[in-house]
Amino acid sequence: MYIFKAAVVGAGFMGAEIAQVITYAGLPVVLKDIDQEMLDKGMEALREIYQRRVDKGKMTATAMQEKVDLVIPTLSYDEFADVDIVIEAVPENMKIKQQVFAELDKVCPTETIFASNTSALSIQEMGSATQRPHKVVGLHFFSPAHLMKLVEVVRSPDTSQETVDDLVQFSEELRKIPVVVKECPGFLVNRILVPYLFEAILSLQEGAATASEIDAAMTEFGWPMGPFILMDMIGIGVAYHTAVYMASQKEGVTVPPLLEKLYQAGRLGEKAGAGFYGYGDQTDEPVKAMIKEVQAQPGAITGTEFSVERLMMPMVNEAALCVMEEIANINDIDMACIAGLGMQVRQKDGQVARMGPLEYADTVGLDVVVQKLEELEKKFGPRFHPVDLLYQKVKAGELGKKMGRGFKEYTT
């Protein structure tokens, strides 16, 4: 199905950016919110993205106005009678999302696709609120949506192949890189990222290293930014809500107490002026006090060791589990982590190479990965236990680049 007209429900930060991406591709888009002030802010945010292009000489003022005029801002569903796709970008709350989809089900044509920009919530559960679960799909844009190329096309057990194909084509028309992902808690990129971020927070709250030391170590490893700068940038609220959902869905996963404290204290990241770091006139002294509070709790773990492997190995392990569960294919898993997270690895010659977790594992050697995970398991517990696929590959002699075959095949 070709998409001629789109709609976005929710004019917040992500909704406005998604609407801008759609207009940049030349398609008209209805932008809806329930609050006039939010709608006005959304339109202003959309204009600002285009204005920056004008200021840089990449677009004329006339072309900008033509793009802005493709947006139909509204507080009602009156403009939804002929839309081909609706993308919801409302708060990460299942009841709100289900309510939106139930309302859309009554006003949109039967062929309209309903897509959710959720970063973790169940697409199947959202679809159950409609009479068209086969037309409900995840379309997870990464922030900032106007710059990030990756989108996750998330298929639930109810989503039809036709709907998936339509979303892949639509994503490509938006000049994005679509990765088709099977529904699971956290989908693909967030699922792989969460163990990395959790381990960074645990290292910090246990006194293994400071936030700046951990960030510096990970940028030296190759990442474009460290985990705490990343969380402050995406927002502590987003990180916290994703963590809570993941913890509710995955056995053995618990939200780090320090993340809970930051969220409750309103240190919501860079845009709020304070997160793991302080911005403007704010400092990180309150975070240091929170760490002491966490360490003073009965049974608290303190004095542990930090290493780059402590953050990277859980990420590799989770990526291997995604392969086992057929969440996405091997090449897409690596590509998603490169395009969605900017993952990079510094080589022995000092050059930085774009590389996903599976190729990184192949580079290290899967036998070495298993050895490191087992060592970390002895120190920190069962969350580091290697997944079965890693053992199977080592047993089969598929050790990575040095053997010509690991997760991928290589010419030796």
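Bear in mind the structure is a predicted one, so any value in this text is a computation, not a measurement.

Quick notes on the rules
Residues numbered from 1 in each chain as written. Predicted model: local features only at pLDDT ≥ 70, side-chain atom pairs only at ≥ 80, totals over all residues. Heavy atoms only, no water. Helix = DSSP H or I, 4+ residues; strand = E, 2+ residues; numbered from the N terminus. Rg over C-alpha atoms; globule rule 2.2 N^0.38 Å. Buried < 20%, exposed > 50% of the residue type's maximum accessible area, 1.4 Å probe, protein only. Phe/Tyr/Trp six-rings, centres within 6.5 Å; stacked < 30°, edge-to-face > 60°. Lys NZ or Arg CZ within 6 Å of the ring centre and 35° of its normal. 1 Å grid on protein atoms, 1.4 Å probe; cavity = no way out; pocket = protein on both sides within 12 Å on 5 of 7 lines; lining within 4 Å. Points joined across faces, edges and corners; volume = space filled by probe spheres on them. Nonpolar A, V, L, I, M, F, W, Y, C, P; charged D, E, K, R; others polar. Disulfide = S-S within 2.5 Å. Lys, Arg positive; Asp, Glu negative; His and termini not counted. Salt bridge = Lys/Arg side-chain N within 4 Å of Asp/Glu carboxyl O. Contact = heavy atoms within 4.5 Å.

Caption draft 1: Broad picture of the overall build of the protein chain. When its secondary structure is counted, the protein chain shows 17 helices and 10 strands. By the compact-globule yardstick of 22 Å for 412 residues, the protein chain fits well, its C-alpha radius of gyration being 22 Å. Along the longest, intermediate and shortest principal axes, the C-alpha atoms of the protein chain span 60 × 50 × 45 Å. Here the protein chain holds 412 residues, and 53% of them are scored as buried.

Caption draft 2: Seen up close, the packing of aromatic side chains. What the rule picks out here adds up to 9 aromatic pairs. An angle of 40 degrees between the planes, with centres 6.4 Å apart, marks the rings of Y24 and Y50 as tilted. On the criterion of sequence distance, the pair formed by Y24 in helix α1 (residues 13-24) and Y50 in helix α2 (residues 36-55) is long-range, its members being 26 residues apart. Given the relative accessible area of 24%, Y24 is considered partly exposed. Relative to F114, the ring of F101 lies with its centre 5.6 Å away and its plane at 5 degrees, an arrangement referred to as stacked. In this pair, F101 is assigned in helix α4 (residues 94-107) and F114 in strand β5 (residues 113-116), connecting sequence segments 13 residues apart. The pair F101 / F114 is uniform in exposure class, with both members buried. Above the plane of the ring of F380 lies R310, whose end atom (NZ or CZ) is 4.1 Å from the centre.

Caption draft 3: Spatial organisation of the layout of surface pockets. What the second largest pocket holds in volume is close to 870 Å³. As for the second largest pocket, its lining consists of 35 residues, and the residues nearest its centre are E199, L202, G252, V253 and R383. At the level of elements, α7 (189-205), α12 (285-295), α13 (308-324) and α16 (366-380) are the ones that each hand at least two residues to the lining of the second largest pocket. For the lining of the second largest pocket, the element with the highest residue contribution is α7, accounting for 7 residues. Here the residues of the lining of the second largest pocket are counted per class, giving 19 nonpolar, 8 polar and 8 charged.

Caption draft 4: Geometry of the state of the cysteines. Within the structure shown, the criterion is met by 0 disulfides. C322 provides the cysteine sulfur closest to C337, a residue in no disulfide bond, and the two sulfurs are 8.4 Å apart.

Caption draft 5: Examining the side chain of D232 more closely. Along the chain, the position of D232 falls in helix α9 (residues 227-234). Here D232 occupies a buried position and makes no salt bridge, while the nearest side chain of opposite charge, R267, is found at 6.7 Å. Sequence-distant contacts of D232, defined by excluding residues within four places in its chain, comprise G269, E270, G275, F276, Y277 and Y279.

Caption draft 6: The environment of Q51, seen in detail. Locating Q51 in the fold gives a position in helix α2. Put simply, Q51 and Q65 are 14 residues apart on the chain and 9.7 Å apart in space, counted from C-alpha to C-alpha.

Caption draft 7: Summary view of the pattern of salt bridges. All told, the structure shown has 25 salt bridges when counted by the stated rule. In this structure, K97 engages E88 in a salt bridge whose closest nitrogen and oxygen atoms are separated by 2.9 Å. We note a salt bridge from K401 to E359, for which the minimum N-O separation is 3.1 Å. Taken as a pair, K401 in the segment after α17 (388-395) and E359 in helix α15 (residues 357-364) lie far apart in primary sequence, 42 residues in all.

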